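# An overview of the molecular structure
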Amino acid sequence: MSALKGARSVLKGFGREREAKWTKPGTLGVQKMSLRSVGTAGACGLGIALLSLFGGGGAHAADLLTKAPPVPYTETDDFWTRPYLFGDLGRTQLKERGISLALTLGDEAVGNLSGGNKNVGANAGQLFFQAKFDMAKLAGIQGGTVGLTLVDRFGHNLNDDAGIPALQLTNEVFGRGNILRLTELYYSQKLFDNRLELKGGRLPVGSDFFFGLCEFINLTFCGGQPGNIQGGYIYNWPVSQWAGVAHYNFAKEWQLSVGVYDANPNYLTTSDSSTYFLPGVPGSSRASGVLVPVEVVWAPSGPLNGTWRFGGWYDSASTIDGGLPGIIAAIPGVDGVPGQNLGDQRGRYGVYESILQRLTVEGAKAQGWYMFLNTTVADHRTSYQDYQVALGFRHTGTFSWRPEDEVGFAVGTTHVNSAALTPNAGGNEVPIEAWYGWQATGWMNLKFDAQYVINPGGRGYNGAGVKTENAWVLGLRTLVHF
């Protein structure tokens, strides 16, 4: 089995394939609809996990993952067991002709019981539309694929509404603007008996690199870690940028991936639709450069399959703009050595590992225990958050009479650079999260969630240097496949 097939195998085992993040992760795409009314604070409503059905190569899924609808669809499925809320609507026939379509709504309704300065609820979510076109069936181009993903986000950030000074979002689906974004538009070509895949277009870096699952509501455990702590220049789902990627299966169960991304903070715009909605080229920025991620994947096959990633990145952009999230304006001197003005620095980098591993085999429907372990370390010269670690477990088939229900538990930490000029310098934020996942119908999944965030912000201080409490957050994530 190739590394790509092995990677997809373990993601199936996890019951998710998102870009996490898919997406992350993710993180599914979007069609423009008026959903602002859905995203009202305190709504218990439709909640989510982002999923990327089209992760290229052996890497990811989008910034939120969750269980994909079963296939093939049969017309005998009733309302409660069929995989789509509105039925098949001809999509099975379209897929046989080379066109795969998906429309999914996800939402995270959360509320803080303690911590911050206000006990309130907040709701955020996204509607995402995805299309994949098999060019072998449509145009006779063997190994060719065209992918499109649109994402429409809505809602509010609980950290802001409740005054929780956390480094990581407590409802991870929030962010990058309540707008309709072009998240993926790419062409992929497989060559040499599928050993090589070349992919280019508008892509989030997390669609092909980094950790690919998003089964938790705290951002620490969701999607690509490098983007979690370096969000000023590594853009996870739903933000895309012009990029080219190569995946090469150089041995059985082994894959090498290299990407080149246009690193420009103007991709984060929420006001220029020619960049965020259309595949335009953003205006230049003094912080522009090139982002180059490199990743090696080992995907052991067999009953206890897994996906083990080891990688790093280099970004050539200037760090002169201290206003970018996650970048320190200056590092003070130590023991008589002059300090550094980061306006004189160019280049920033980091390394990471991500392990997804099945631990037990307990049934025919992927029942059993799974685990993940992620570690990311970023350049201490330019990183406000300079490392993040996350460990999580999931069990599918919680009860014999509920073979698709799941439980999950995770603990992690994000560290504030000791050289940062803030009260939280050198501190660690430690979130703990647990959930129960109920497969309510064939087309709807609910997760009942609890988080406990220790030392929000690193040492538990707000922007004014005032000590804050640890935070208890309860939530409901819902995913609906239309």
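Definitions and limits used
Residues numbered from 1 in each chain as written. Predicted model: local features only at pLDDT ≥ 70, side-chain atom pairs only at ≥ 80, totals over all residues. Heavy atoms only, no water. UniProt positions renumbered as here; feature names shortened; annotations may be inferred. Buried < 20%, exposed > 50% of the residue type's maximum accessible area, 1.4 Å probe, protein only. Helix = DSSP H or I, 4+ residues; strand = E, 2+ residues; numbered from the N terminus. Pairing = 2+ DSSP bridges. Salt bridge = Lys/Arg side-chain N within 4 Å of Asp/Glu carboxyl O.

Per an unreviewed UniProt entry, the chain is named OprB family porin, and its organism is Bradyrhizobium macuxiense. Word for word, the UniProt comment on the chain under Sequence similarities (unreviewed entry) is "Belongs to the OprB family."

## Quick look at the pairing of strand β1 (residues 99-114)
When you tally the buried positions in β1, you get 12 out of 16 residues, the bulk of the element. Alignment of β1 against strand β2 (residues 121-134), held across 13 bridges, turns out to be antiparallel. Bridge pairing in β2 links D107 to G125. In this antiparallel pair of consecutive strands, β1 and β2, the connection spans six residues, and G115 shows a positive phi of 95°. Of the pairings in the sheet, the one linking β1 to strand β18 (residues 471-481) comprises 10 bridges and is antiparallel in character. Looking at β18, one finds that G111 is bridged to L474.

## Brief notes about the pattern of salt bridges
Throughout the structure, instances matching the rule amount to 10 salt bridges. In this structure, E172 and R477 form a salt bridge, with 2.6 Å as the shortest nitrogen-oxygen distance. Linking E172 in the loop between α4 (158-162) and β4 (180-191) with R477 in strand β18, this pair joins segments that are 305 residues apart in sequence. Per residue, the accessibility class of E172 equals that of R477, and both read buried. As a salt-bridge pair, D208 and K199 come within 3.1 Å of each other at their nearest N and O atoms. Grouping residues by exposure puts D208 and K199 together as buried. Three or more residues joined by partner-sharing salt bridges are found here, namely E108, E172 and R477.

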